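Analysis of the macromolecular model
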Amino acid sequence: MSNESAPSTPSEATSLNAAPIVIIGSGLAAFTVAKEVRKLAPQQAITLITREQGFFYAKPGLSNAFGAGKNPAQLIGSEQEKMANQFNLEILSHTDVTKIDATQKTIETSEGSMSYSQLVLALGADPIRLPIEGNAADQILSINDWQDYAHFRQALEAKKRVAIMGAGLIGCEFANDLALAAYEVDVIDPSAQALGKLLPPIAGQKLQTALASVGVNWHFGKSVQSVNRLVSGSLELGLSDNTQLSTDLLLSAVGLKPRTALAAASGITVNRGIVVNRYLQANLPHIFALGDCAEVDGLVLPYVMPIMNAARALAPTLLGQPTAVNYPAMPVGVKTPALPVVVSPPAIGQTGQWIETETTDGLEALFKDEDGNLKGFALLGSATSQKSALTKLLPPLLA
Ligand SMILES: Cc1cc2nc3c(=O)[nH]c(=O)nc-3n(C[C@H](O)[C@H](O)[C@H](O)COP(=O)(O)OP(=O)(O)OC[C@H]3O[C@@H](n4cnc5c(N)ncnc54)[C@H](O)[C@@H]3O)c2cc1C
């Protein structure tokens, strides 16, 4: 990385009386940075700018809302006004940031321009859209924020069947939740198993069996090529093996792409995500990034725990005490109540092998290197109780 150095000295960093710290976004990353800064600096002016409604909600709750008995309104944690009052924030909602001028330390928004002392990009990610043919291609839904989910729940009304493209974490969670709510669920994925990027085959098979037992129909080794709305109102999916599948709604859960366009257009280095160093600092001064939009020291980790760690380090950095982020091992829980999963996959390129042990109603899969050191794990069912003990044995992701 070219920007390895710490953001220089406190004198060059924020002065409490200067322009506000401006945070773009109102997701977990944005609000967590704001809260962490507020803990350290009660007087620091902080402005959040978001194109969304500006309230706080826990995004992970979207994919198990039926199981939790919640409708979209009940998923809202705190309204904008409450967040603004509680943490003494200025929150500009329904406002799009369109340009960053790093030299002038200003941004342009749909509501006018504004100066910042430090700028935090907490922009999130966009769902990947696959090129799919047919007269209903524009009706394919994806869920990556509260608004998407509210729209999805509306679209579900009077429907019985949902097909999901993608058997990854989000696809499996929605499949389980929709099956719990008595929808007919089909999951289509070109790979050979569920959670193919995270689980060894035996573990994938167990999860599939558990989800099949609550009614999920799997279609592996296939992809959706076309989607057409028939006169009857049904959707007809054309699959890559020349078969057809009938459903009512099609949900795409094929992955996310960090939002980098605003940064790239403003001269900020981007790669897979917005490139930042261990201080969450981009290549241009006074500009930082974290969360789903960021590539931190080469890692793009679109999960909650990396955000919490990054926000805790970034707050003192923004206030003039450069603090590098450390990432311990951060296992991810997959919210599939039919068979809960906790996984900490081995790093890409890590050599070794999976060693699997069946437990009463689950599986413990340990990934060990040639010297017997634990480098990753996948725990299913009752084996998830080993999460804390095993996490302590894993190497950190960024030490
Ligand atoms: C259904 C689902 C379930 C999940 N479950 C889990 C889980 O169980 N465990 C886990 O660890 N992770 C989970 N995740 C991932 C986790 O929720 C995300 O990593 C996290 O919420 C991302 O937060 P963020 O603030 O980086 O991005 P977002 O929440 O996407 O926020 C981005 C913000 O930036 C704003 N924005 C972007 N561009 C602009 C602009 N130009 N101008 C103004 N505003 C802009 C957006 O409006 C938005 O407010 C889940 C994700 C999904 C979708």
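Notes on the structure in this doc start here. (Residues numbered from 1 in each chain as written. Predicted model: local features only at pLDDT ≥ 70, side-chain atom pairs only at ≥ 80, totals over all residues. Heavy atoms only, no water.)

**Here we look at the packing of helix α1 (residues 28-40) against helix α7 (residues 304-318)**
Geometry of a packed helix pair, given as the angle between the helix axes and the separation of the axes. At a minimum axis distance of 8 Å, the contact between α1 and α7 shows a crossing angle of 40 degrees. Between α1 and α7, the angle falls in the class oblique. Of the two possible hands of crossing, α1 and α7 adopt the one that is right-handed. Here Leu 28, Ala 29, Thr 32, Val 33, Glu 36, Val 37 and Leu 40 of α1 come into contact with α7, specifically with Val 304, Ile 307, Met 308, Ala 311, Arg 312, Leu 314, Ala 315, Pro 316 and Leu 318. (Axes fitted to C-alpha atoms, helices over the stretch in contact; angles between N-to-C directions. Helix = DSSP H or I, 4+ residues; strand = E, 2+ residues; numbered from the N terminus. Parallel < 35°, antiparallel > 145°, perpendicular 65-115°, else oblique. Left-handed = near helix turned anticlockwise from the far one by under 90°. Contact = heavy atoms within 4.5 Å.)

**A look at the site of the ligand**
What surrounds the ligand is a group of 32 residues, the closest being Ala 29, Val 97, Asp 292, Val 304 and Lys 335. In the model, an oxygen atom of the ligand is placed 2.5 Å from a nitrogen or oxygen of the Lys 335 side chain. Considered on its own, the ligand offers 1000 Å² of accessible surface; in the complex 94% of this is hidden by protein. Secondary-structure elements contributing two or more residues to the shell around the ligand are α1, α4 (169-180) and α7. Split into classes, the residues belonging to the shell around the ligand amount to 15 nonpolar, ten polar and seven charged. Inspection of the shell around the ligand shows a minimum of three residues originating in each of domain 1 (21-126 + 257-318) and domain 2 (129-252). (Near = heavy atom within 4 Å. Polar contact = N/O pair within 3.5 Å; in protein donor to acceptor, adjacent residues only side chain to side chain. Areas by Shrake-Rupley, 256 points an atom, 1.4 Å probe, with all protein chains shown as cover. Nonpolar A, V, L, I, M, F, W, Y, C, P; charged D, E, K, R; others polar. Domains from an automatic or database assignment.)

**Remarks on the side chain of Thr 32**
Here Thr 32 shows up in helix α1. Residue class for Thr 32 comes out buried when judged on its relative accessible area of 6%. Excluding residues that lie within four positions of it along the chain, Thr 32 makes contacts with Ile 307, Met 308 and Ala 311. (Buried < 20%, exposed > 50% of the residue type's maximum accessible area, 1.4 Å probe, protein only.)

**Let's talk about the sheet that holds strand β25 (residues 362-368)**
One open sheet accounts for five strands, arranged β22-β23-β26-β25-β24; its pairing is antiparallel. With one partner strand each, in any of the chains shown, β22 (332-334) and β24 (353-359) form the two edges of the open sheet. Strand-to-strand twist of the sheet, defined as the mean angle between neighbouring strand axes without regard to direction, takes the value 20 degrees. With six bridges connecting them, β25 and strand β26 (residues 374-380) associate as antiparallel partners. Its bridge partner being in β26, Leu 366 is matched across the sheet by Phe 377. Relative to β25, helix α5 (residues 201-213) is tilted by about 155 degrees, and along the sheet it contacts β23 (341-344), β24, β25 and β26. (Pairing = 2+ DSSP bridges.)

**Quick notes on the pairing of strand β15 (residues 235-239)**
Counting buried positions over the five residues of β15 gives four, a clear majority of the element. Examined bridge by bridge, strand β14 (residues 224-229) and β15 share five bridges and lie antiparallel to one another. Pairing of Arg 229 across the sheet is with Leu 235, part of β15. The turn linking β14 back onto β15 is made up of five residues, and Gly 233 within it adopts a positive phi angle of 100 degrees. Two elements, β15 and strand β16 (residues 244-247), share four bridges in a ladder whose sense is antiparallel. The residue of β16 that forms the bridge with Glu 236 is Ser 246. In textbook terms, the turn of a hairpin is the stretch between consecutive antiparallel strands, and for β15 and β16 this stretch comprises four residues, one of which, Asn 242, has a positive phi near 65 degrees.

As far as function goes, none of this settles anything; it's purely spatial.
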